[in-house]
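Chains, contacts and geometry: an overview
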Amino acid sequence: MPQQKDIVKIAIQMPGAYPQLIQLDQKKPLSAVIKEVCDGWNLPGPENHALQYADVVQTYITESNRLDIKNGCILRLTKAPGRCAEDLFKGIQNLDSGVRCDSLKELAGVSTDVTFAQEFISRDGHLLLVKIVEDSNELVLCVSAVHWCRAVNFMELMDHGIVSWENLSSVFIKKVFVNTKSTDASIQQVSLDILESMVLSSQSLFLQVKQEVTMERLIAHIQKTSLLSICDMDKPSTLIFQDEMAHYLYVLQSVTLNHLEPRMKTPLDCYSQEQRDILHGLRQAAFETESENSLSNERRRSLCAKEFKKLGFSNNSNPGQDLLRAPPGLLALDTMSYFAMRYPDAYSRFVLENSSREDKHECPFARSSIELTLILCEILRIGEPPSETGSDYHPIFFSQDRLLEELFCVCIQLLNKTWKEMRATQEDFDKVMQVVREQITRTLSSKPTSLEFFKSKVNALNYSEILKLRQTERLHQEETLAPPVLELKERLKPELLELIRQQRLNRLCQGTMFRKITQRRRQDKLWYCRLSPNHKMLHYGDVEEDTDNPPIETLQMKIPVADIKGLLTGKDCPHMKENKGKQNKEVLDMAFSITYDVEESSLDFIAPSRTDVSQLIVTL
């Protein structure tokens, strides 16, 4: 008889028949198992049948994955992958539109399975889907479900990596990237998924997609009401779609803004004539000075130093030194130059207004610009790679071609306004920048959709409003520490401590698997230890590697909890002393022992991880 561990007790279903409860012998060929199942229902042709999980995933059972079947699994008898692939291959070419639609829907359900995908692709099914998309007429795609199935089926099939994306044409790209008002949002989502996979697969496909899908079309595509609107908040599928689109928008924003990273990390080159010319252009745009050509070199240097000082450079004789800090690097020079060229009146007004203020009360334009650029880089997370789960994007980004520069132009004027409201001096520079950072952060958190909306809202959030908000938040925080709150915490404390105690006892009763370390150092042997349900005995014993939560009856060794004397950790453990000098720090950190009243004996442990050892020691 086969060993018990090779036998799995499962149920097999088939529409219109009573389920079969069988003991699956994992050593018997799968074809023999299927034949026995077919014989049980008097079905001919067992080679045309296969077993499949009966859950939502519906994965085919093969010789390579059959060991994943666990006791209690429910399988179903269905068409073999080859037969299913052949039937669907013919079905999606049927002249009857109803048969085609049903076949595509069924194909969407099985395409995720790699066994089916191999059979379908071996019949050039993926090429047939490509041809259907390429030959489709947008005017006749009135049934969005059909087009959705085409897109999803193709995406699922290609994701298995069985065939290459290389053979796709520009016609396919155009058809996938539909841009009509009648397009269903789910189709647009899958279309973007397909284009993403094509871009990531090869350089040649990236160039094709780049040519066919311009940034302007892409932004217009994802801004469409049908894509961003929420159809039904009660439907989980709608919420999932909303989350996915938020992630796509976040990634697009991150990738686009990260194009500024090289400038942000590049300091000014004091030997670059072009960069020196930009600095002098800033100076000349701010001050209408006499012709410098008629001045002596000494007079010209003196005049330039004076004007650079008025501009707010710390090193007025060599202003390039102020821009050696990276970040923000050359990006600060870019933002200052953009402000001066794009809004020359506002730029001149800023510089001249502060030049006429009394000493120490002037707001230094250059120093403020450098710090403000750095703050904006940090708020917009320029230079940070997009995370796999991020979804926090700024709608204002999609209304501006140069978001950083335009935000800078608004915020540098806001900074000057806040400086005056705070009646700041040079010593207050850092305090002013903290307030400006808070003004920008709070305003962006409200998700403004346009630059004008941002400008009006951030200017309304003046220094007095910031102080009120801070006071309100401080009072709210203090309320959480008020006497009634503290009294309630004390009343709840015993109940919470008892809950923690019960959770720790449950952890001990659940038990943990440990590895053994002997004189020959690490061994493959494993053992399991758990607390009895009545909390009076520690049961332990050797187990096999594939054992999962063994019954307490199988753990023959036990120690009364009343006999436990103490708990030792690290190098104080007996099994660590025995192997003194042979254990590394990692093993020492995860070692602990329980001593008990039987001839000074001890039960010695090596925890699976540092996290486990801390939890187990606290629990014990």
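Taking an unreviewed UniProt entry as the reference, the protein chain is identified by name as ELMO domain-containing protein belonging to Anabas testudineus. Entered under Function (unreviewed entry) in the UniProt record, the comment concerning the protein chain runs "Involved in cytoskeletal rearrangements required for phagocytosis of apoptotic cells and cell motility. Acts in association with DOCK1 and CRK. Was initially proposed to be required in complex with DOCK1 to activate Rac Rho small GTPases. May enhance the guanine nucleotide exchange factor (GEF) activity of DOCK1."

Description of the overall build of the protein chain
In terms of regular secondary structure, the protein chain is built from 26 helices and 11 strands. Taken over 620 residues, the protein chain has a buried fraction of 42%. Sequence separation of at least 24 residues holds for 63% of the intrachain contacts in the protein chain that already meet a minimum separation of 6. By element, 52% of the accessible surface of the protein chain is carried by carbon and sulfur atoms, the whole surface being about 35,000 Å².

Observations concerning helix H1 (residues 30-40)
Residues of H1 that are buried include every one of Leu30, Val33, Ile34, Val37 and Cys38, and no others. With its buried residues spanning 135° around the axis, H1 presents them on a single face. Where H1 is buried, its residues meet strand E1 (7-13), strand E2 (20-25), strand E3 (49-53) and strand E4 (74-79). Positive backbone phi, at 55°, marks Asn42, one or two positions downstream of H1.

Points about the packing of helix H19 (residues 403-421) against helix H20 (residues 429-445)
Any two packed helices are characterised by the angle at which their axes cross and by the distance between the axes. In contact at an axis separation of 10 Å, H19 and H20 are set at 125° when each is read in the N-to-C sense. In terms of orientation, H19 lies oblique with respect to H20. Relative to H20, the crossing made by H19 is right-handed. Residues Cys411, Leu414, Leu415, Thr418 and Trp419 of H19 lie in contact with H20, whose contacting residues are Phe429, Val432, Met433, Val435, Val436, Gln439 and Ile440. Residues belonging to the contact of H19 with H20 are distributed by class as follows: 10 nonpolar, 2 polar and no charged.

So, the packing of aromatic side chains
Tallied over the full model, the rule gives 17 aromatic pairs. Ring centres of Phe308 and Phe313 lie 5.6 Å apart, and the angle between their planes is 90°; on these two criteria the pair is classed as edge-to-face. Of the residues examined, Phe308 reaches a relative accessible area of 2% and is grouped as buried. Aromatic pair Tyr347 and Phe365: ring centres 5.3 Å apart, planes at 70°, arrangement edge-to-face. With Tyr347 in helix H17 (residues 344-355) and Phe365 in helix H18 (residues 365-379), the pair connects residues that are 18 residues apart, well separated along the chain. Linked through ring pairs, Phe339, Tyr347, Phe350, Phe365 and Phe408 together constitute an aromatic cluster. Across the ring face of Phe429, the terminal group of Arg367 is positioned such that the distance to the ring centre comes to 3.8 Å. We note Lys447 situated over the ring of Tyr393; from NZ or CZ to the ring centre the distance is 5.9 Å.

Brief notes about unusual backbone geometry
The omega torsion across Ala326 and Pro327 is 0°, close enough to zero to call that bond cis. In this structure, Pro327 sits in the loop between helix H15 (297-311) and helix H16 (330-342). Even without being a glycine, Arg381 presents a positive backbone phi close to 60°. The residue Arg381 is located in the loop between H18 and H19 in this model.

Some details on the packing of H16 against H18
H18 packs onto H16 with a crossing angle of 115° between their chain directions and a minimal axis gap of 9 Å. As far as their axial angle goes, H18 and H16 are roughly perpendicular. As for the relative orientation of H16 and H18, their crossing is right-handed in sense. Every residue of H18 that contacts H16 at Leu331, Ala332, Thr335, Met336 and Phe339 is listed here: Phe365, Ala366, Ser369, Ile370, Thr373 and Cys377. Looking at the contact of H16 with H18 residue by residue, the class counts come to 8 nonpolar, 3 polar and no charged.

Description of the sheet that holds strand E11 (residues 601-606)
The antiparallel open sheet is built from 3 strands, whose spatial order is E9-E10-E11. The two strands at the open ends of the sheet, each matched to only one other strand, are strand E9 (564-569) and E11. With strand direction ignored, the average angle separating the axes of adjacent strands in the sheet is 20°. Here E9 runs beside strand E10 (residues 591-596); their pairing, made up of 5 bridges, is antiparallel. Directly across from Ile564, in E10, lies its bridge partner Tyr596.

Some words on the pairing of strand E7 (residues 537-543)
Regular strands have side chains that alternate between both faces of the sheet. Burial of E7 is extensive: 5 of the 7 residues sit out of reach of the surface. Bridge count between E7 and strand E8 (residues 557-560): 4 bridges; the pairing is antiparallel. When the bridges of E8 are listed, Leu538 appears paired with Ile559.

Focus: the sheet that holds E1
Taken together, the 4 strands give an open sheet; going across it, the order is E2-E1-E4-E3, and neighbouring strands pair in mixed fashion. Only two strands of the sheet have a single neighbouring strand rather than two, namely E2 and E3. Neighbour-to-neighbour, the strand axes of this sheet turn through a mean angle of 40°, independent of strand direction. In this fold H1 packs onto E1, E2, E3 and E4, with an angle of close to 100° to the strand it touches most, E3.

Structural notes on the nonpolar core
For soluble globular proteins, the rule of thumb is that nonpolar side chains tend to be buried together. Core analysis: the biggest nonpolar cluster contains 66 residues, and Leu311, Tyr347, Phe365, Leu372, Ile440 and Phe454 have the highest contact counts within it. If you tally residues by element for this core, the top one is H19, at 11 residues. Core analysis: the second largest hydrophobic core is formed by 19 residues, Ile22, Ile34, Trp41 and Ile69 among them.

Focus: the confidence of the model for the protein chain
Chain-level pLDDT for the protein chain is 81 on average; 79% of the residues reach the 70-or-more range. Note that pLDDT drops below 50 for residues 138-153; the model gives that stretch 30 contacts with residues more than four away or on any other chain.

Concerning the side chain of Arg66
Mapping Arg66 onto the fold places it in the loop between E3 and E4. Taking relative accessible area as the criterion, Arg66 reaches 3% and is therefore assigned buried. Separated by 3.0 Å, the side chains of Arg66 and Glu63 make a polar contact. In this structure Arg66 touches Leu24, Asp25, Gln26, Lys27, Lys28, Pro29, Leu30, Val33 and Ile61, once residues within four positions along its chain are discounted.

Details of the pattern of salt bridges
If charged atoms from side chains of opposite charge come close, those side chains can pair. Evaluation of the coordinates by the stated rule reveals 23 salt bridges. Linking Lys447 and Asp392 is a salt bridge whose minimum nitrogen-to-oxygen distance equals 2.6 Å. With Lys447 in the loop between H20 and helix H21 (451-460) and Asp392 in the loop between H18 and H19, this pair connects stretches of sequence that are 55 residues apart. We classify Lys447 as partly exposed; its relative accessible area is 31%. For Asp392, a relative accessible area of 43% corresponds to the partly exposed category. In this structure, Lys417 engages Glu421 in a salt bridge whose closest nitrogen and oxygen atoms are separated by 2.9 Å. You can see Lys417 and its partner Glu421 sitting in helix H19, 4 residues apart, about one turn around the helix. Because the salt bridges share partners, they merge into one network encompassing Glu86, Lys90, Glu119 and Arg123.

Definitions and cut-offs
Each chain has its residues counted from 1, following the order in which its sequence is written. In keeping with the model being predicted, local features are shown solely for residues with a pLDDT of at least 70 and side-chain atom pairs are shown and tallied solely at 80 or more, while totals for entire chains, interfaces and linings include all residues. Excluding hydrogens and water, the side-chain figures rest on all heavy atoms present in the structure. UniProt positions are given in the numbering used here, feature names are shortened, and annotations may be inferred rather than shown by experiment. Each helix is a run of DSSP H or I of at least 4 residues and each strand a run of E of at least 2, with the numbering of both proceeding from the N terminus. Exposed residues in this analysis have more than 50% of their type's maximum accessible area, buried residues have under 20%, and partly exposed residues fall in between, with area computed by a 1.4 Å probe over protein chains only. Whether two residues touch is decided by their heavy atoms; if any such pair falls within 4.5 Å, the residues are in contact. Accessible areas in this description were obtained via Shrake-Rupley with a 1.4 Å probe; residue shielding takes into account the shown protein chains only. Here the arc refers to the directions that run from the helix axis out to each C-beta atom. Only the stretch in contact is used when a helix axis is fitted, and all axes are lines through C-alpha atoms; the angle between N-to-C directions ranges over 0 to 180 degrees. An angle below 35 degrees is treated as roughly parallel, one above 145 as roughly antiparallel, one from 65 to 115 as roughly perpendicular, and anything else as oblique. Here is the rule for handedness: rotate from the far helix to the near one, and if that takes an anticlockwise turn smaller than a right angle the crossing is left-handed, while a clockwise turn gives right-handed. The classification used treats Ala, Val, Leu, Ile, Met, Phe, Trp, Tyr, Cys and Pro as nonpolar, Asp, Glu, Lys and Arg as charged, and all other residues, Gly among them, as polar. Each aromatic pair joins two rings of Phe, Tyr and Trp (for Trp, the six-membered one) with centres within 6.5 Å, and gets the label stacked for planes under 30 degrees apart, edge-to-face for over 60, and tilted for any other angle. Only Lys NZ and Arg CZ are tested; either one counts as a charge over a ring when it is within 6 Å of the ring centre and within 35 degrees of the ring normal. For two strands to be treated as a pair, DSSP must find at least two bridges joining them. Think of a nonpolar core as a cluster: buried Ala, Val, Leu, Ile, Met, Phe, Trp, Tyr and Cys residues, connected wherever their side-chain atoms sit within 4.5 Å. In predicted models, pLDDT denotes the confidence assigned by the predictor to each residue on a 0 to 100 scale. Any pair of N or O atoms that falls within 3.5 Å is considered a polar contact. Within protein, one atom must be able to donate a hydrogen and the other to accept it, and sequence-neighbouring residues count only if both atoms are side-chain atoms. The rule for a salt bridge is simple: a side-chain nitrogen of Lys or Arg has to be within 4 Å of a carboxyl oxygen of Asp or Glu.

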